[in-house]
Structure formats: C-alpha cells, structure tokens
Amino acid sequence: MALTSTPAWQALQRHRDALASFRLDAALRDDPARAGRWRVEAAGLHADLSRNLATDETWRLLLALAEAAELPRWRQQLFAGAPINGTERRPAWHTALRTAPSDAAVARTVEAERRRMLAFAEQLRAGQLRGATGEVIDTVVCIGIGGSDLGPRLVTAALGEPSGPIRLHFVSNIDPVELDQALAQAAPETTLVVCISKSFSTQETLENTRAALAWLRAGAPSLDTRRHLAAVTCQPERARAFGADPDLTFTFADWVGGRYSVWSACGVAIAIAHGADAFEALLRGAAALDAHFLEAPAERNLPLLLGLLGVWYVNFWGCRSRAVMPYAQRLRHLPAYLQQLEMESNGKRVDRDGRPLDYDTSPVVWGEAGTTAQHSVFQFLHQGTFFAPVDFVTGAAFERSDEERERLLYANALAQADALALGEAALKPTGAAKPEHAIVPGNRPSTFITLPRIDAFSVGAALALYEHRTFVQGVLWRINSFDQWGVEIGKLLLKQRLAG
Ligand code: F6P
C-alpha cells in the first residue's frame, strides 16, 4: 500500500488538520508538566522536545507510524549487518565500528585495524615517526572529501586545541588555495600526507594528493616520498598502485559508508590531534547511544523521536528545511557534517524498490554557529513567511566554567528557543502597542539538545544520535539511506567534458 494511503499516515493527516489552531505558547503555559514530559535523556545527552508543534496525541500517532514501518525490524537488521543497502547489495554496518558485532571475525578485524591506526597516531604524537631523511614528522596534511573529511574535521575541532605536537591540516577542495595554505608553513622533510578515500578513486582527493607529492619532490628532489605518504581506504590495492606503502595504509570494510566513516581509520586525524584515548572515548559515546537506540522504549527513544519529528515537519507541515544551530564554537562544523549525513542519505526520489515517491524526503539542512547566526539568519527564522524547525545543540558546561561569556552563550540559545516558540508572549507586558513589522509571531518549533560537556564521549553520542535519526527517517520514508547515486552524474559529465 502506498505510504500516504496507510491508516497510520492518514490518521496523522487528519490530526494535523485538527491542529490548525495549535499554539505553543498556550501549550507551554497551560500544561506546566509539558517540559518535563518531553525531556528525554540518551547516553548523557539531554533533549527538550517540548517546544515542538506536537501534542501527546501527535506523539502517539507518530509512534504508530514507526510501528507500521516496522522500525524495530529494520533497526535489528542495521545492527546485525544485514544487506540493507539494497542498490549496493551490502550492509550499512558503521555501528560495528563502535558496538562489537555478534560476528566475532568482523569484530576482530575491526579491532585489529583500529589498534594499528591508533598506534600510528601515537607514534606521530610521540615524535617517533621519521621521514625519509630521518627528521621527525611534525606536519600532517589530511586530504579527503565528503565523508572522508567532514566527520574528522568536525570532531578534531570539537575537541578543542590539539594536545599533541603535530600541526594538522585538512584539505578537501580541488581549488589549489586550500592545499597551498596547508603547505605554506610546512617543510617537505617533516611533512606527512594522508590520503583518505574509501574508493581511492575520488578525483579531487587523488589530484590533491598528487599535487602534495609534487610539492614534496619540488622542495626536496631526492626525498623518498613513500615515507611521506599514508593512506586510508577500503581499496588497499589501488592505494598500493598509487604508491602508498602497505605499512602506512589503513583499511576499513566496504560496508562503512563514507558519511558514516568517522569511526574507522578515516578518523585518524582525531587520534593524531587528541590521542588514542580521545578516539576511544568518541567510540564509547557512540556505542552508548547505539545501546540507547536498541534498548530504550519507543516513547523515550531519542533518535526515534527526532526521526519522527523530521517526518512530521516535512510531510505534514510542508517544511522543506531544517536549521541546526550549534551554540558552541567548537561545534561550528556540525551543520556541514549534517548536510552530508542527512541530505546525501535521504535526498532520494524513489523508494527501496525503485518506485517514484509522491511525498517529500530530506529537507535542506543548514545552520551556523550561534550566537554569530543570531546576527545573520535568525531574522528569517523569527519573521520569515515560512518556518524551519531548529535544532539548538549546546553544552551544559564548556571549557571555562567560571567564564561569564559561556553563561551568556547558553542563555542566548535558550532565549532564542523561547522567542521562536512564544514570540511576543515571552516578553514581559509593557502596555505599549507594537507596529506589525516589529511583531514576532512565535509558534515556531525547536528542539534543544544539550551535551553535558563538549568532550569526546558526548560528541560521539551526538553524532550517533544524528546518524540514527537519519536512519529512522529513511525507514519511515521507505528509501535506501545508504547509497548516493545522484552524485555520479557530475563525475561522468566531468570525464566527458575533460575528454572533449
Ligand atoms: O561523491 C560522493 C562521495 O562518494 C561521498 O559519499 C563520499 O563521502 C565522498 O564522495 C568521498 O569518497 P571517497 O572516500 O571514496 O573518496
């Protein structure tokens, strides 16, 4: 039966029509227990869902939708490594990188490769990795794009100043400017290039790596560049053919999707910058969230509830976009990371069986770190002609607990969430009438997600939360969230164009 004809969908449609006059200010005022009821904890993360355009009945109907979509069965298949990525005929088993899978051989392989990668990172941090001339490597340039860049870049920045001695750079763009900047202060004899590419065939990454190797040779013509090149890939033969030494090549299985690969050796930059312990804490945080997703009852299951909200807003309120506003400068790369995670996963036009859909899927995901964003895009959020639900993502404690500006940061996030939800009703009455142009209507939804601290464990949990939320939406929409055929046409056209 077509999704939109199912009883669960139809019931939600009728309910949505009945909610036409729903007001968040009234819901929050008349039901003081609402905030407590919709505060959900997962792996130490706290989420306040009470500022959403939803009643208890909405949640009941959304949970029925998840039930009708056989969400528990799909979730079990995800964790069991079943080939749920139908078009590529393989599992989407990124959870096996942090939650030991039941397949002991897979668990052993994952563990062994992680140990190798972490030992390599620790060697670099200890100043024990030497280049061809015997000089200690002090600069690492990580070259990758999409999933081979965004996750490691996000987490490395999220954990603050690198604790090791290595100067670390990320390069993704084929625009030479980015690599030039990375190499500007570097010396060939002390520089290691790390080429990160699942397929080891991505043009931007290979061209940038070739350019970096050419720079090494130009600066030090007699240098054996094999000692200055490491590779992370699931195509080790291609890496070898490219010139990478197998001892400096780290692998992962092809069932790890690019945008889900930060937990694999692709995250080597995190370990180089912050150490093996931090990388393992990241995995533990994600594993704790995995356990929550598997075990928490549906009505307290945070990724499930967030995924349901995603569908609620896209399909029943017509929201074509969702904003993610990290109120933590260290999480500034979160919107870019989530853009790939959600839009590449769920930007799909056919169902799992290839039938065109008659409903919308992934919204546009966008955002910017607060409070900076308050002075650019929040005008649209408060008074634009259509609304975008907002995720506020912040920390309960930051680096310097006595710092007044950190208190201001958190208070700003809460003030914005209240302004969106309540509009004018949030203000103390002054008696003065406001002109229409100054009125903020409110009734605009948001979800407030708080990490206890912006540390490796919590960041791991937060990223796994968003991964599972994305998965839930894909299941509800009946799509394959784990392929990305749409990006192929650009690659083919480029080849065609270059061939003349
Ligand atoms: O072209 C899209 C894509 O395949 C992403 O899914 C992926 O994260 C990125 O390119 C990089 O791919 P690779 O790691 O194989 O270089």
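Before reading on, note that the structure itself is shown above.
Quick summary incoming for the structure in this document. The structure presented is a predicted model; accordingly, all values stated were derived computationally and were not measured.

1. Thoughts on the pairing of strand β10 (residues 390–397)
- β10 sits mainly inside the fold: 6 of its 8 residues count as buried.
- Of the strand pairs in this sheet, β10 and strand β11 (residues 446–453) are connected by 7 bridges, and their pairing is parallel. Across the sheet, Gly 395 pairs through a bridge with Leu 451, a residue of β11.

2. Describing the pattern of salt bridges
- Taken as a whole and assessed by the stated rule, the structure comprises 34 salt bridges.
- One connected set of salt bridges, linked through shared partners, spans Glu 111, Arg 114, Arg 115 and Glu 280.

3. Quick word on the site of the ligand
- Around the ligand, 14 residues are found, and the nearest of them are Gly 147, Ser 148, Ser 197, Ser 199 and Thr 202.
- In the model, an oxygen atom of the ligand is placed 2.5 Å from a nitrogen or oxygen of the Thr 202 side chain.
- Contact with the protein chains hides 87% of the accessible area of the ligand, taken as 390 Å² for the molecule alone.
- Its residues placed into classes, the shell around the ligand shows 2 nonpolar, 9 polar and 3 charged.

4. Re helix α4 (residues 56–68)
- Taking 1.5 Å as the rise per residue, α4 with 13 residues should run 18 Å; its terminal C-alpha atoms sit 19 Å apart, in good agreement.
- Taken residue by residue, α4 has Thr 58, Trp 59, Leu 61, Leu 62, Leu 63, Leu 65 and Ala 66 as its buried positions.
- In the core, the buried residues of α4 are packed alongside α1 (7–18), α5 (71–80), α13 (302–316) and α17 (456–477).
- Glu 70 sits one or two residues past α4 and shows a positive phi near 55 degrees.

What counts as what
Residues numbered from 1 in each chain as written. Predicted model: local features only at pLDDT ≥ 70, side-chain atom pairs only at ≥ 80, totals over all residues. Heavy atoms only, no water. Buried < 20%, exposed > 50% of the residue type's maximum accessible area, 1.4 Å probe, protein only. Helix = DSSP H or I, 4+ residues; strand = E, 2+ residues; numbered from the N terminus. Pairing = 2+ DSSP bridges. Salt bridge = Lys/Arg side-chain N within 4 Å of Asp/Glu carboxyl O. Near = heavy atom within 4 Å. Polar contact = N/O pair within 3.5 Å; in protein donor to acceptor, adjacent residues only side chain to side chain. Areas by Shrake-Rupley, 256 points an atom, 1.4 Å probe, with all protein chains shown as cover. Nonpolar A, V, L, I, M, F, W, Y, C, P; charged D, E, K, R; others polar. Expected span 1.5 Å × (residues − 1). Contact = heavy atoms within 4.5 Å.

Nothing here speaks to function; it is all geometry.
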